Amino acid sequence: SLINKIQICTRNAVGRMGEGVRQVDENVENANSAGEAIGQIQFSEDRVVKAIAEITNSLSEQSTAANDVATNVEKIAQMSEENSLAVTETAHTAQQLRNLATGLERMVAQFRL
């Protein structure tokens with residue numbers, strides 16, 4: 001009968017609406033999960049950006065320290081070269097003093113005769 005057909009159609013419509021509501025609820029849950037995942041990604045991204053900034057800063061400090069070490073090594077090398085020259089000059093002067101002392105000894109020896 002017509003009433004039975006309307007009841008069946010109504011039950012079908014209610015069932016389909018229930019299914020639609022369930023799907024909407026499921027999609028809302030998925031959207032919420034996606035929102036949470038995006039929030040976690042953003043948090044992780046912030047941590048990565050901070051870590052990169054710290055690494056960059058550390059590398060800059062290490063570069064400055066390496067340049068300072070290189071400058072100091074260069075100064076030490078220059079000072080070593082200057083010391084080497086000074087030692088050579090001192091040795092030469094010492095030899096000249098020996099020669100003068102020997103000459104003086106000869107002169108003194110002449111006066112003793």
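The structure we're discussing is the one just above.
Since the model is a prediction, treat every value here as computed from it, not as a measurement.

Peer 1: Tell me what's going on with the overall build of the chain, and back it up with residues and numbers.
Peer 2: A tally of regular secondary structure across the chain gives 1 helix and 0 strands. Relative to its length of 113 residues, the chain is extended, with a C-alpha radius of gyration of 48 Å against a globular reference of 13 Å. Its C-alpha atoms give the chain principal-axis dimensions of roughly 165 × 15 × 10 Å. A buried classification covers 0% of the 113 residues belonging to the chain. Summed over all atoms, the accessible surface of the chain reaches about 10,300 Å², with 60% contributed by carbon and sulfur.

Peer 1: Pulling in residues and values, what's your account of a nonpolar patch on the surface?
Peer 2: Taken together, the side chains of L104, M107 and F111 make up a nonpolar region of the molecular surface, amounting to roughly 390 Å² of accessible area. Relative to the assigned elements, L104 resides in helix α1 (residues 2–112). In this structure L104 comes out as exposed when scored by relative accessible area, which is 51%.

Peer 1: Lay out the pattern of salt bridges with the relevant residues and their values.
Peer 2: One pass over the structure, following the stated rule, counts 2 salt bridges. With a closest N to O distance of 2.5 Å, R22 and E19 form a salt bridge. Taken as a pair, R22 and E19 lie in helix α1 at a separation of 3 residues, close to a single helical turn. Residue E26 is joined to R22 by a salt bridge in which the shortest nitrogen-to-oxygen separation is 3.0 Å. You can see E26 and its partner R22 sitting in helix α1, 4 residues apart, about one turn around the helix. According to the relative accessible area criterion, E26 is partly exposed, its value standing at 40%. Classification of R22 as partly exposed rests on a relative accessible area of 42%. One continuous salt-bridge network, built from bridges that share partners, spans E19, R22 and E26.

Peer 1: Report on the environment of E74, specifying residues and quantitative values.
Peer 2: Mapped onto the fold, E74 is located in helix α1. In this structure the C-alpha to C-alpha distance between E74 and A51, which are 23 residues apart in sequence, comes to 34 Å.

Rules of the game
Residues numbered from 1 in each chain as written. Predicted model: local features only at pLDDT ≥ 70, side-chain atom pairs only at ≥ 80, totals over all residues. Heavy atoms only, no water. Helix = DSSP H or I, 4+ residues; strand = E, 2+ residues; numbered from the N terminus. Rg over C-alpha atoms; globule rule 2.2 N^0.38 Å. Buried < 20%, exposed > 50% of the residue type's maximum accessible area, 1.4 Å probe, protein only. Areas by Shrake-Rupley, 256 points an atom, 1.4 Å probe, with all protein chains shown as cover. Patch = residues over 30% accessible without salt bridge, like charges linked within 9 Å, V, L, I, M, F, W, Y side chains within 5 Å. Salt bridge = Lys/Arg side-chain N within 4 Å of Asp/Glu carboxyl O.

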